[in-house]
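Residue-level structural notes
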Amino acid sequence: MRIAQANRMTPYLFMAPAAIIMAIALMYPLGYMMWGSLRDWDPTQTIGEAEFVGLRNYVTLWNDPNFWESLTVTLKFAFFVVTFEMVIGVGLALLLDRDIRGMSILRTLFILPMMIAPVVVGLMWRYMYHPTIGTFNRFLESIGLERVDWLGNHALMSIIIADIWQWTPFIFILALAALQSLPRSALEAARIDGATGWQQIIHIKLPLMMPVLIVTALLRLIDAFKVLEVILVMTEGGPGLSTEILALRISRTATEFRELGVAAAMSNYLLILLLLLTVAMFAFNRWQEIRAARQKMAVEEEE
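Attention here is on the structure that accompanies the text. This is a predicted model, so every value here is computed, not measured. (Residues numbered from 1 in each chain as written. Predicted model: local features only at pLDDT ≥ 70, side-chain atom pairs only at ≥ 80, totals over all residues. Heavy atoms only, no water.)

**Re the pattern of salt bridges**
Where we set the bar: Whenever Lys or Arg places a side-chain nitrogen within 4 Å of a carboxyl oxygen from Asp or Glu, that contact is recorded as a salt bridge. Only DSSP runs of H or I reaching four residues or more are called helices, and only runs of E reaching two or more are called strands; each is numbered from the N terminus. Burial classes follow relative accessibility: with a 1.4 Å probe on protein chains only, a residue under 20% of its type's maximum area counts as buried, one over 50% as exposed, and anything between as partly exposed.
Under the counting rule described, the total for this entry stands at 9 salt bridges. Close ionic contact of Arg-56 with Asp-40 constitutes a salt bridge, the shortest N to O distance being 3.6 Å. Placement of the pair is Arg-56 in helix 2 (residues 56-62) and Asp-40 in strand 1 (residues 39-40), with a sequence separation of 16 residues. Accessibility expressed as a relative area gives 37% for Asp-40, which makes it partly exposed. One salt bridge connects Glu-141 with Arg-147, and the closest N-O pair in it is separated by 2.4 Å. Given the relative accessible area of 37%, Glu-141 is considered partly exposed.

The following block contains the structure:
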């Protein structure tokens, strides 16, 4: 009995050092940030010297219209980039999930944008959006149309397009990997039963890919809430607050306004929001698994 218990505990004993180190590395910065959010803290003080103010920083943010404006911009940006990237990325994966000559070269070309540094991406798109010498406005003029103030009247849309260009390949690569790992027996059975290409996609491929797609969307959603460099280079959050997402506002609050406690409180608000979204997406994934299991049981009972 003791030998069996020791055998069961052995893997946990080997994992314990790494788990302890990871817990300390994760929890200490989080605890430091949460403790700092409860203080009137600025860069001239250590966190211990700052005055304890309790939840005042959170209340200040809750009543700050600029904070809510930045949160609204963040939600809009995250929703549109993740939605379009998922649709385009999964669509490309479905389109290219076949034997094509030179497929390895195509994959390399598709992933090039995500290999470029964000600062370079921001500069590149900023120059393409330039009102006079930019590529887009020169093209519009060549076909007889008026120039567009891309980074003025359409600033949010412009940074959304830049983000979609850079990160759609991430969705494409993961979706293609998920497609190629699907059980071929299910696809062959569908073809034998006379299922069309669209029916195979809707009823077999997408449902089987759903766990991977949910995790992929979650990764992109988390990253979309933290985008900083591209927006900072392209618009610096302007005009006004039209492109100032929370990550940029947190950075400005800490560096320009020198309010580290308020910036920490804002980071905690963002953390709570991401945790809620993560729980919701995993709950949806679990619901999908239960639904699929029930449908499978129903089919087996009918047979």
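**Regarding the side chain of Thr-74**
Rules: Any two residues whose heavy atoms approach within 4.5 Å at even a single point are treated as in contact.
With respect to the helices, strands and loops of the structure, Thr-74 is situated in helix 3 (residues 65-96). In this structure Thr-74 comes out as buried when scored by relative accessible area, which is 0%. Setting aside its immediate chain neighbours within four residues, Thr-74 contacts Phe-225, Ile-245 and Leu-246.

**Observations regarding the packing of aromatic side chains**
Definition in use: Note on aromatic contacts: the rings of Phe and Tyr and the six-membered ring of Trp form a pair at centre separations within 6.5 Å, being stacked when their planes are under 30 degrees apart, edge-to-face when over 60 apart, and tilted otherwise.
Tallied over the full model, the rule gives 19 aromatic pairs. The interplanar angle of 55 degrees and the centroid separation of 5.7 Å between the aromatic rings of Phe-136 and Trp-150 together place this pair among those described as tilted. Of this pair, Phe-136 sits in helix 6 (residues 135-142) while Trp-150 is found in the loop between helix 6 and helix 7 (155-180), placing the two residues 14 residues apart along the sequence. Owing to a relative accessible area of 16%, Trp-150 belongs among the buried residues under this scheme. Both rings, one in Trp-167 and one in Phe-170, keep their centres 6.4 Å apart while their planes meet at 80 degrees; by these two values the pair is edge-to-face. Pair noted here: Trp-167 and Phe-170 are both in helix 7, with a separation of 3 residues, about one helical turn. Taken as a pair, Trp-167 and Phe-170 share a single burial class, namely buried.

**Focus: the environment of Met-34**
Following the sequence through the fold, Met-34 ends up in helix 1 (residues 2-36). On a C-alpha basis, the gap between Met-34 and Ser-267 in space is 9.0 Å, while along the polypeptide they are 233 residues apart. Those residues in contact with Met-34, other than ones at most four positions away along the chain, are Asn-268 and Leu-271.

Honestly, it's all geometry; don't read function into it.
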